[in-house]
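Residues per chain are reported as follows:
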Amino acid sequence: MTTPVTRGSESGRPKIPEATLRKRARAALARSAAVDRALAVLVGLVLLAAGTLVALLSYGVFGAGRAARPVLDPLIVDGLRARPDAFRLVSIAVGVLLVIVGLTWAARSLRPERHPDLVLDGGPDTAIVISSSAAADAVAAQAGGIPGVRRARARMVGTDEVPALRVTLWLADDADIRDVLTRLDDEVLAAARTSLGLTALPVAVRLELDVSAHPPRVA
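Residues numbered from 1 in each chain as written. Predicted model: local features only at pLDDT ≥ 70, side-chain atom pairs only at ≥ 80, totals over all residues. Heavy atoms only, no water.

### Details of the layout of surface pockets
Roughly 180 Å³ of internal volume is contained in the second largest pocket. Taken together, Leu39, Leu42, Val43, Val46, Leu97, Leu98, Val101 and Trp105 make up the full set of residues lining the second largest pocket. Considered class by class, the residues forming the lining of the second largest pocket number 8 nonpolar, no polar and no charged. (1 Å grid on protein atoms, 1.4 Å probe; cavity = no way out; pocket = protein on both sides within 12 Å on 5 of 7 lines; lining within 4 Å. Points joined across faces, edges and corners; volume = space filled by probe spheres on them. Nonpolar A, V, L, I, M, F, W, Y, C, P; charged D, E, K, R; others polar.)

Here's what the structure looks like:
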């Protein structure tokens, strides 16, 4: 079960716009796949348009005479035969472009998710950098001390400008889930927001039952 937690604005600090909070919350819940979805939709629309055009041609929508002719107009075919070198160069260029687009798409989809470090203002000439692993480990250590929590893991995600947290808690059988979430937000996350100087830190909390505490029965 995944529970988004987005509370935590503190008085005296500028209020973060709701759109920014929603963006942070999405980053906390899951890795963004908006670009991948947009590219997939674009490719699908192009292929759909091409297939629809071919179907319309074959059914004679553009005339019975045009439906009986090849998809490529004979004039185009004759032009390509008259300039084979140019046709080969164009084909190679299109093929190379498609390969580059495909490799770029694959690399972007497979690249590791960012875990941003946090930069705190230490003065006019000083910047304090807290690594993402250090911040996440501190949250996990504090969350692991909540009664009913057997293990905890945290990851800092998002970007430097819009950081977010993913927290996984492994609970005991008798854990009070409401109390665990309340103490996580009031104690652990509040301390994290204060120490990191953030007015809001959206967190996606995943709750799991600690099955390691229950060894399998032997009949």
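Once the structure has been displayed, the description carries forward.
### Considering the packing of helix H6 (residues 132-144) against helix H7 (residues 177-196)
Running from N to C, H6 and H7 point in directions that differ by 155 degrees, and their axes come no closer than 10 Å. The orientation of H6 with respect to H7, classified from their angle, is roughly antiparallel. Considering how the two elements wind past one another, H6 and H7 form a crossing that is right-handed. Residue-level contacts link Val139, Gln142 and Ala143 of H6 to Leu184, Val188, Ala191 and Ala192 of H7. Within the contact of H6 with H7, the residues separate by chemical class into 6 nonpolar, 1 polar and no charged. (Axes fitted to C-alpha atoms, helices over the stretch in contact; angles between N-to-C directions. Helix = DSSP H or I, 4+ residues; strand = E, 2+ residues; numbered from the N terminus. Parallel < 35°, antiparallel > 145°, perpendicular 65-115°, else oblique. Left-handed = near helix turned anticlockwise from the far one by under 90°. Contact = heavy atoms within 4.5 Å.)

### Observations concerning the pairing of strand E5 (residues 163-171)
Working note: regular strand, side chains alternate between the two faces of the sheet. Judged by how many residues are buried, E5 sits mostly within the fold: 9 of 9 residues are covered. Here E5 shows two buried faces, one formed by Pro163, Leu165, Val167, Leu169 and Leu171 and the other by Ala164, Arg166, Thr168 and Trp170. With 9 bridges connecting them, strand E4 (residues 149-158) and E5 associate as antiparallel partners. What sits directly across from Arg151, in E5, is Trp170. Between E4 and E5, which pair antiparallel in sequence order, lie 4 residues. The sheet contact formed by E5 and strand E6 (residues 203-209) spans 7 bridges and is parallel. The residue bridging Leu169 from the neighbouring strand is Leu207, located in E6. Running through H7, the crossover from E5 to the neighbouring parallel element E6 is right-handed. (Buried < 20%, exposed > 50% of the residue type's maximum accessible area, 1.4 Å probe, protein only. Pairing = 2+ DSSP bridges. Right-handed = clockwise from strand over helix to strand, strands pointing away.)

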